[in-house]
Amino acid sequence: MSQPDLLKQPFELGFTYTRSTGPVVGRFLTGLRNREIIGNRASDGRVIVPPMEYDPVTADALDEFVPVSDEGVIVSWAWVSEPREAHPMEKPFAWAMIRLKGADVPMIHCVAAPEESAVSTGARVKARWVDEPRGYITDIACFELMGDAS
Amino acid sequence: MREICVVAYSQSDCKSNAGMANEVELIMPQLQAVYKQVGITSAQDVDFVCSGSCDYLQGAAFAFVAGVDALGAVPPIKESHVEMDAAWALYESVLKIRMGQADSALIYGFAKSSPGELPIVLSQQLDPYYLATQWVDTISLAAMQARLMLEQGLITEGDMAAVVADSRRKALQNPQAQLSGETSTEALLNEPHYVSPLRRSDCCPVSDGAAAMIICTVDKAKEWGVPYARITGIDHRIETHNLGMRDLTDSVSTRQAAARAGVADGPVDVAEVYAPFSHQQIILQRALDLGDDTDINPSGGVLAGNLMMASGVSRIGEVFRRIVAGEAGRGVAHATSGPCLQHNMVTVLEGA
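Note on numbering: residues in each chain are counted from 1, in written sequence order. Each chain is given a letter, starting from A, and each ligand a number, starting from 1, according to the order in which they appear as written. Confidence filtering applies because this is a predicted model: local features only for residues at pLDDT of at least 70, side-chain atom pairs given and counted only at 80 or more, and all residues used for totals across whole chains, interfaces and linings. Water and hydrogen atoms were dropped before computing side-chain values, which therefore reflect all heavy atoms in the structure.

(A) Representation of the overall build of chain B within the structure. Helix numbering and strand numbering both begin at the N terminus, where a helix is a DSSP run of H or I of at least 4 residues and a strand a DSSP run of E of at least 2. What chain B contains, in helices and strands, is 12 helices and 12 strands. Compactness check: chain B gives a C-alpha radius of gyration of 19 Å against a globular reference of 20 Å for 352 residues, within 12% of the reference. Dimensions along the principal axes, computed over C-alpha positions, put chain B at roughly 55 × 45 × 40 Å. We call two residues in contact when some of their heavy atoms are within 4.5 Å. Within chain B, counting contacts between residues at least 6 apart in sequence, those at least 24 apart form 79% of the total. To measure how exposed things are, a 1.4 Å probe is used in the Shrake-Rupley method; for residues, cover is taken only from the protein chains shown. With an accessible surface of roughly 13000 Å², chain B has 50% of that area assigned to carbon and sulfur atoms. Averaging the positions of the 25 positive and the 41 negative side-chain charges in chain B gives two centres separated by 3 Å. Just to be clear, the radius of gyration here is over C-alpha atoms, and the globule rule we use is 2.2 Å times residues to the power 0.38. Residues scored as charged are limited to Lys and Arg (positive) and Asp and Glu (negative), so that His and the chain ends carry no count. Throughout, a charge is located at the NZ atom of Lys, the CZ atom of Arg, the CG atom of Asp or the CD atom of Glu.

Right, dumping it as structure tokens:
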């Protein structure tokens, strides 16, 4: 008696679809791939980075894009003395609200620093890019303190 | 409009680790307690049931459905769920009763937060492209908010420690509290920073547990023959998910909700506010315009024990308890959701 044929099919557990990030978030993420940071203008004229699809007050669709610098200043920060496993850095670091040059609204990212006393509100920082940007917010590996040199 | 009131409330102990007890086992004693308070025997005896929980805390899609096991849903009941604190399950129930589709409702909220790493789990409720991808934890976000206040001279670290000392002292009277005791501002300030500028004591603990409540029309409360506290105002408002666009030193949405709920229309004898971090209690006191005449967080608040998805409805329950006990005539309860007080609900309760 011959062996019955077994029906076989490969199966991969995962999402079977891809998702478009749309014309606003997508534009920002595409910019990151080219080491560019792009914001957009809110109804009241403020430049928001990363850009928002709709104005939080007027609900207008926002479509005026504005390139901004990858340098900025710290508006507020938190010192993480014991980084968590999921955090982007293994050594102590700061989370910060950073207002980039050319933007009005601060963005949140991490700041590398040797110790807490090196970080302060108003300190100037510059993005450090990963070697191969892929279109993620994490293409900015972190921000680094620029010191006194301008 | 139909007058609606709270008639029953029960909350579990806030435990740092509920051990082997599953969610249903955390919920059931609270349901039994509120059934007993109004003299009913099961969820069949109310017209509507609504719960609040968060599947991310259990780590499984539709995990909230398991909670329904606590109700015994056969024969079928009218049931709903919000992926929010149960304070918003109460809000949905209020609408249901106002529309005349129910005269009574059972509300419950529950969470076992201890098995996961809560501040990291909560990072996944943030903007999926800009923040969740970075795993920004909720404590760090609150720390940045506190620093803005400190550096603008709106509060001092001493003010924050005073909130904690007050919470711990008041919690001595609350047998369900997780953290309580006599301490001083000085002793707290001597503790090292945790996520600077926050100390561990500035952050609420991680707690497991559940809470339940029954609300109904005033007519139904009289039929049941139980004491009640009327809900005379309720409103909730939300701010943008973009933290950089908010004034983090104020709670604009709390002010809006308080105005709509009519907080200022009478004296506030007691207030329970949902402030997971010490500096946020100060923001909320100012946004609600609470003065020295108001007993704020007599339970100790959530700095003494924070039942995720239930702490909001518990604030309402704590005010209800004090009104029916005759300790207060009119009170305000606040619930929050999201990072840095993004979404806020304000409820005004008054005696019969």
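Following the structure, the description resumes.
(B) Seen up close, the interface of chain B and chain A. At the junction of the two partners, chain B supplies 31 residues and chain A supplies 36 residues. Summed over both partners, the accessible area (1.4 Å probe) lost when two parts come together is defined as the buried area. For the pair chain B and chain A, the two sides together bury roughly 2800 Å², of which 61% comes from carbon and sulfur. Contact with chain A buries area across many residues of chain B, yet Tyr129, Tyr130 and Met245 of chain B alone supply 27% of it, more than any other trio. What counts as a salt bridge is simple: a side-chain nitrogen of Lys or Arg found within 4 Å of a carboxyl oxygen of Asp or Glu. Inspection of the region where chain B meets chain A yields two salt bridges. A salt bridge links Arg84 of chain A to Glu117 of chain B; the shortest N-O distance between them is 2.8 Å. Polar contact is the term for a pair of N or O atoms within 3.5 Å; when the atoms are in protein, one must be able to donate a hydrogen and the other to accept it, and sequence-neighboring residues count only if both atoms are side-chain atoms. Summed over the shared surface of chain B and chain A, the result is 13 residue pairs in polar contact (both at pLDDT 80 or more). Ranked by residues supplied to the side of chain B that touches chain A, first place goes to helix α6 (residues 138–151) of chain B with eight residues. Put simply, Ala, Val, Leu, Ile, Met, Phe, Trp, Tyr, Cys and Pro go in the nonpolar bin, Asp, Glu, Lys and Arg in the charged bin, and everything else, Gly too, in the polar bin. The residue makeup of the side of chain B that touches chain A, split by class, is 18 nonpolar, eight polar and five charged.

(C) Focus on the pairing of strand β7 (residues 124–129) of chain A. All names here are of chain A. Any residue under 20% of the maximum accessible area for its type is buried, any over 50% is exposed, and the rest in between are partly exposed; the area is computed with a 1.4 Å probe on protein chains only. Going residue by residue along β7, you find Val125, Ala127 and Trp129 tucked away on one face and Arg124, Lys126 and Arg128 left uncovered on the opposite face. Any two strands with at least two DSSP bridges between them are considered paired. Pairing of strand β4 (residues 71–80) with β7, which is carried by three bridges, proceeds in the antiparallel orientation. Within β7, the residue paired with Glu71 across the bridge is Lys126.

(D) Representation of the side chain of Ser80 of chain B. Residues and elements named next belong to chain B. Within the fold, Ser80 resides in strand β3 (residues 79–82). Given a relative accessible area of 16%, Ser80 falls into the buried group. There is a polar contact of 2.8 Å between the side chain of Ser80 and the side chain of Glu92. Sequence-distant contacts of Ser80, that is, excluding residues within four places in its chain, are made with Phe48, Val49, Cys50, Ser51 and Glu92.

(E) Local environment of empty space enclosed by the protein. Residue and element names in this part refer to chain B. The way it works is a 1 Å grid over only the protein atoms, where trapped points that fit a 1.4 Å probe form a cavity and open points with protein on both sides within 12 Å along at least five of seven lines form a pocket, and then any residue with an atom within 4 Å of a point lines it. Grid points are joined across faces, edges and corners, and a volume is the space filled by probe spheres set on the points. All told, the structure shown has three cavities of 30 Å³ or more when counted by the stated rule. Taken as a whole, the largest cavity encloses approximately 160 Å³ of empty space. When grouped by side-chain class, the residues that make up the lining of the largest cavity number 10 nonpolar, four polar and one charged. Of the pockets and cavities examined, the second largest cavity occupies roughly 90 Å³. Forming the boundary of the second largest cavity are 13 residues, of which Gln11, Cys14, Asn174, Gly305 and Arg315 lie nearest the centre. A total of four residues in the lining of the second largest cavity trace back to one element, the largest contributor, which is helix α12 (residues 311–324).

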